[in-house]
Amino acid sequence: MNQARRTGFSSVITRHDGATVVNLAGELDIATAADLRQALTDAVSGDEPPRVVIHLEGVDFCDSTGLSVLISALNGAEAAGGRVLLSGVRARMTRLFTMTGLTKRFEIRDTADDAVQELLGG
C-alpha cells in the first residue's frame with residue numbers, strides 16, 4: 001500500500017491479484033497535479049499489462065489539470081496494452097465527464113469491486 005497526503009488531496013494504492021486500485025480523495029487540480037500524476041504513474045507501472053481502477057468517490061473537485069492527468073494515465077495504460085476503469089464517480093464528476101465528452105474515453109463502473117472483477121475477467 002502506498003499513500004500520499006497533501007492539503008486537499010490523498011491517494012491510497014492497493015494491489016489485488018493483477019489489478020491496482022487507486023483511491024483518490026480531495027481535490028484534483030493544479031495544486032495537487034504532481035502528487036496525482038505520481039500516484040497514477042505508480043499504479044500504471046505496477047503490472048503488465050496495467051489493469052487499474054481509479055476510485056473517485058472521495059473526490060470533491062476536479063479542474064482541467066486533474067482531467068489531463070487522468071487522461072495521461074489512461075493513455076499510458078492503453079499504450080502498454082492495459083486498461084483503466086473509473087469507479088465511485090459521483091454526480092458532479094459525472095457531469096464533468098459528460099460535458100467534456102470523456103464518458104466516451106473512460107469506462108465507468110459503480111464500485112471498485114465491480115471494476116476489479118471486470119479487469120480480472122470475473
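The sections below set out a description of the structure shown in this document. (Residues numbered from 1 in each chain as written. Predicted model: local features only at pLDDT ≥ 70, side-chain atom pairs only at ≥ 80, totals over all residues. Heavy atoms only, no water.)

This paragraph deals with helix α4 (residues 112-119). Ala-112, Ala-115, Val-116 and Leu-119 are the residues of α4 that are buried. For α4, the angular spread of the buried residues around the axis is 100°, confining them to a single face. In this fold, the buried residues of α4 make contact with β2 (9-16), β3 (19-28), β4 (51-62), β5 (83-87) and β6 (107-109). Where α4 terminates, the next one or two residues include Gly-121, which has phi positive at roughly 80°. (Buried < 20%, exposed > 50% of the residue type's maximum accessible area, 1.4 Å probe, protein only. Helix = DSSP H or I, 4+ residues; strand = E, 2+ residues; numbered from the N terminus. Arc of directions from axis to C-beta. Contact = heavy atoms within 4.5 Å.)

For Asp-17, which is not glycine, the phi dihedral falls at a positive 45°. Taking the relative accessible area as the measure of exposure, Asp-17 reaches 75% and is therefore exposed.

Between two aromatic rings, the relevant description is the distance of the centres plus the angle of the planes. According to the stated counting rule, one finds one aromatic pair in the structure shown. Aromatic side chains Phe-97 and Phe-106 sit 5.6 Å apart centroid to centroid with 70° between the ring planes, which places their arrangement in the edge-to-face category. The exposure class of Phe-106 is buried, given its relative accessible area of 4%. (Phe/Tyr/Trp six-rings, centres within 6.5 Å; stacked < 30°, edge-to-face > 60°.)

By themselves, these are just geometric observations and shouldn't be taken as functional.
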